Amino acid sequence: SKVLVTGANGYIAIWVVKNLLEKGYAVRGTVRSEEKAQYLRTLFSAYGDKHEEVVVEDITKEGAFDEAVKGVDAIEHTASPFHLNADDPDELIIPAVRGTVGILQSTLKHGSSVKRVVITSSCASVLTDVPTASTFTEVNWNEQCLEIVKEKGRSAPNMMKYRASKTLAEKSAWEFWNQHKSEVAWDLTVLNPPFVFGPVIHDVKTAETLNTSALTWYKMVAHPTSNGVTNEFLATNGSCWVDVRDLAEAHSRALEKAAAGGERIIVSTGLWKWQDFIDAANELNPPPRLSQPLPRGVPGAGTPNPATVHLLYYDTAKGERILGIKHRTIAETTKDTLADYEARGW
Ligand code: NDP
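Residues numbered from 1 in each chain as written. Predicted model: local features only at pLDDT ≥ 70, side-chain atom pairs only at ≥ 80, totals over all residues.

### Re the overall build of the protein
Link 1 in the chain: Secondary structure summary: the protein contains eleven helices and twelve strands in total.
Link 2 in the chain: The C-alpha radius of gyration of the protein comes to 20 Å, within 12% of the 20 Å expected for a compact globule of 346 residues.
Link 3 in the chain: Across the 346 residues of the protein, 46% fall into the buried class.
Link 4 in the chain: Restricting the contact set of the protein to residue pairs at least 6 apart, pairs at least 24 apart contribute 78%. (Helix = DSSP H or I, 4+ residues; strand = E, 2+ residues; numbered from the N terminus. Rg over C-alpha atoms; globule rule 2.2 N^0.38 Å. Buried ≥ 20, exposed ≤ 12 C-beta atoms within 10 Å, placed from the backbone. Contact = placed C-beta atoms within 7 Å.)

### Things to note about the sheet that holds strand E10 (residues 264–266)
Link 1 in the chain: Taken in spatial order, the seven strands line up as E3-E2-E1-E4-E5-E7-E10 in an open sheet, and their pairing is parallel. Either end of the sheet is taken by a strand with one partner, and the two such strands are strand E3 (51–55) and E10. Taken over all neighbouring pairs, the strand axes of this sheet differ in orientation by 20 degrees on average, direction set aside.
Link 2 in the chain: Sheet contacts for helix H2 (residues 34–43): strand E2 (26–31) and E3; angle to E3, the most-contacted strand, approximately 170 degrees. (Pairing = 2+ DSSP bridges. Axes fitted to C-alpha atoms, helices over the stretch in contact; angles between N-to-C directions.)

### Quick notes on the sheet that holds strand E8 (residues 195–197)
Link 1 in the chain: Read across the sheet, three strands follow the order E8-E9-E11 without closing on themselves; strand pairing throughout is mixed. The open sheet has two free edges, formed respectively by E8 and strand E11 (270–271), since each of these has just one partner strand.
Link 2 in the chain: Examined bridge by bridge, strand E9 (residues 240–243) and E11 share two bridges and lie antiparallel to one another. Its bridge partner lying in E11, Cys 240 is registered against Leu 271.

### Brief notes about helix H6 (residues 212–222)
Link 1 in the chain: Inspection of H6 places Ala 214, Trp 217, Met 220, Val 221 and Ala 222 among the buried residues, and these make up the whole buried set. The buried residues of H6 all sit within an arc of 160 degrees when viewed along its axis, so they share a single face.
Link 2 in the chain: Turning to H6, the residues buried within the fold contact helix H1 (11–22), E8, helix H7 (231–236), helix H9 (274–282) and helix H11 (330–344). (Arc of directions from axis to C-beta.)

### Looking at the site of the ligand
Link 1 in the chain: Residues in contact with the ligand amount to 22 residues; listed here are only the nearest, Gly 7, Gly 10, Ser 80, Pro 95 and Ser 213.
Link 2 in the chain: Contributing elements (two or more residues each) for the shell around the ligand: H1 and E8.
Link 3 in the chain: At three residues, the largest contribution of residues to the shell around the ligand is made by H1.
Link 4 in the chain: Along the lines of polarity and charge, the residues of the shell around the ligand split into eleven nonpolar, nine polar and two charged. (Near = placed C-beta within 6 Å. Nonpolar A, V, L, I, M, F, W, Y, C, P; charged D, E, K, R; others polar.)

### Considering the environment of Gly 99
Link 1 in the chain: Here Gly 99 shows up in helix H3 (residues 90–110).
Link 2 in the chain: For Gly 99, a count of 25 C-beta atoms within 10 Å corresponds to the buried category.
Link 3 in the chain: Through-space distance from the C-alpha of Gly 99 to that of Leu 43 is 26 Å; in sequence the pair is 56 residues apart.
Link 4 in the chain: Ignoring sequence-local partners within four residues, the contact set of Gly 99 consists of Ile 59, Thr 60, Ala 79 and Ser 80.

### Some thoughts on H3
Link 1 in the chain: Under the 1.5 Å per step criterion, the end-to-end length of H3 is 28 Å for 21 residues, consistent within 8% with the ideal 30 Å.
Link 2 in the chain: As for H3, its buried residues are in contact with strand E1 (2–6), strand E4 (74–77), strand E5 (116–120) and helix H5 (158–180). (Expected span 1.5 Å × (residues − 1).)

### Here's the deal with the pairing of strand E7 (residues 187–192)
Link 1 in the chain: Taken across its six residues, E7 has five buried, putting it largely inside the fold.
Link 2 in the chain: One ladder, built from five bridges, connects E5 with E7; its direction is parallel. Looking across to E7, one finds that Ile 119 is bridged to Val 190.

### Describing the UniProt feature "domain: NAD-dependent epimerase/dehydratase" (unreviewed entry) in the protein
Link 1 in the chain: Mapped onto the present numbering, the UniProt feature "domain: NAD-dependent epimerase/dehydratase" (unreviewed entry) falls on residues 3–263.
Link 2 in the chain: With 41% helix and 15% strand, residues 3–263 has its two end C-alpha atoms placed 19 Å apart. (UniProt positions renumbered as here; feature names shortened; annotations may be inferred.)

### Considerations on the nonpolar core
Link 1 in the chain: Val 3, Val 17 and Ile 75 are the most contacted members of the largest nonpolar core, which has 92 residues in total.
Link 2 in the chain: Among the elements that make up this core, the one with the highest residue count is H1 (eight residues).
Link 3 in the chain: Excluding its chain neighbours within four sequence positions, the residues that come into contact with Val 17 are Val 5, Ala 8, Val 27, Gly 29, Phe 44 and His 51. (Core = buried A, V, L, I, M, F, W, Y, C linked by C-beta atoms within 7 Å.)

Spelled out as structure tokens, the structure:
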């Protein structure tokens, strides 16, 4: 069967495409330019006509996906801006919301063969900033970011603008679904990952142009000192994470598991502090050959330290029950990510 993947050149999406191709699916990827299409064609050339790339220049335009959805059996909608330099929150909110509603509208009108739509939302639409340790589940919604962005507009923290874009996009997806579910032969699944880390296979020429989450890992784990990051920050700062390849597997399983239909599913491996990744990097044997020596921080000062405080926890029971992914560990993801840097001469 054939799967449409939107934003196929992105960090996560390109691993989703790879995972689907390896499982034998045919994939149609949407990208914003012919140049981006070409990169995918080259990367996946071994799969012949099992993959095709189509250009959808502007996902905010009405009917943008009308052609792309024709003849596919399922859709993975991942395209959405993830950057932290928007001045006007609408720079993120408009493409996030219109892209999401747009693909659902196109599916409603032209997706007669579609059986499931999977949307890549985020834990950004689940969590709220909390003063004490808290566990979040799929019933939680991030209303906090919406209030902050409504109140502060352009002067809201940039992370809040991004969270608002994801929360509003996901809300609009469920709203659309609830309005139209009786008219369609497909159902909706939403995946909510926390920070996504791991090696990259999309088109990245320099470390500085990595996507937001992979760039953060690069700065914190490989180059904290030159980025002005203190040891204390490395030991105390973190959240929850998932390896990009495990998330790609979750996207495939979200299509395959009947029980995923109609569900919002958190896909998280667990907790981290930056120091935990740095410790894993320093434990590698043989050590990675990077362009600069690895930082050490304060070994053991992260999660192994009994005094470490984690505020955010996710209840991952639903994901375990429905998707059943075996997640990579901090050690595995660190090893593979640094091997990727080594191969790139970073
Ligand atoms: P990338 O920036 O690598 O990929 C984003 C993709 O969306 C690219 O294909 C990009 O196209 C496309 N896109 C961005 N803005 C627009 C726009 N205005 N119009 C059309 N297409 C657009 O990010 P990720 O792979 O990290 O993110 C993919 C999805 O996963 C997003 O929905 C993100 O919110 C979500 N997510 C990511 C997490 C992470 O830690 N990385 C965590 C949780 C969720 P182009 O390359 O042309 O700009």
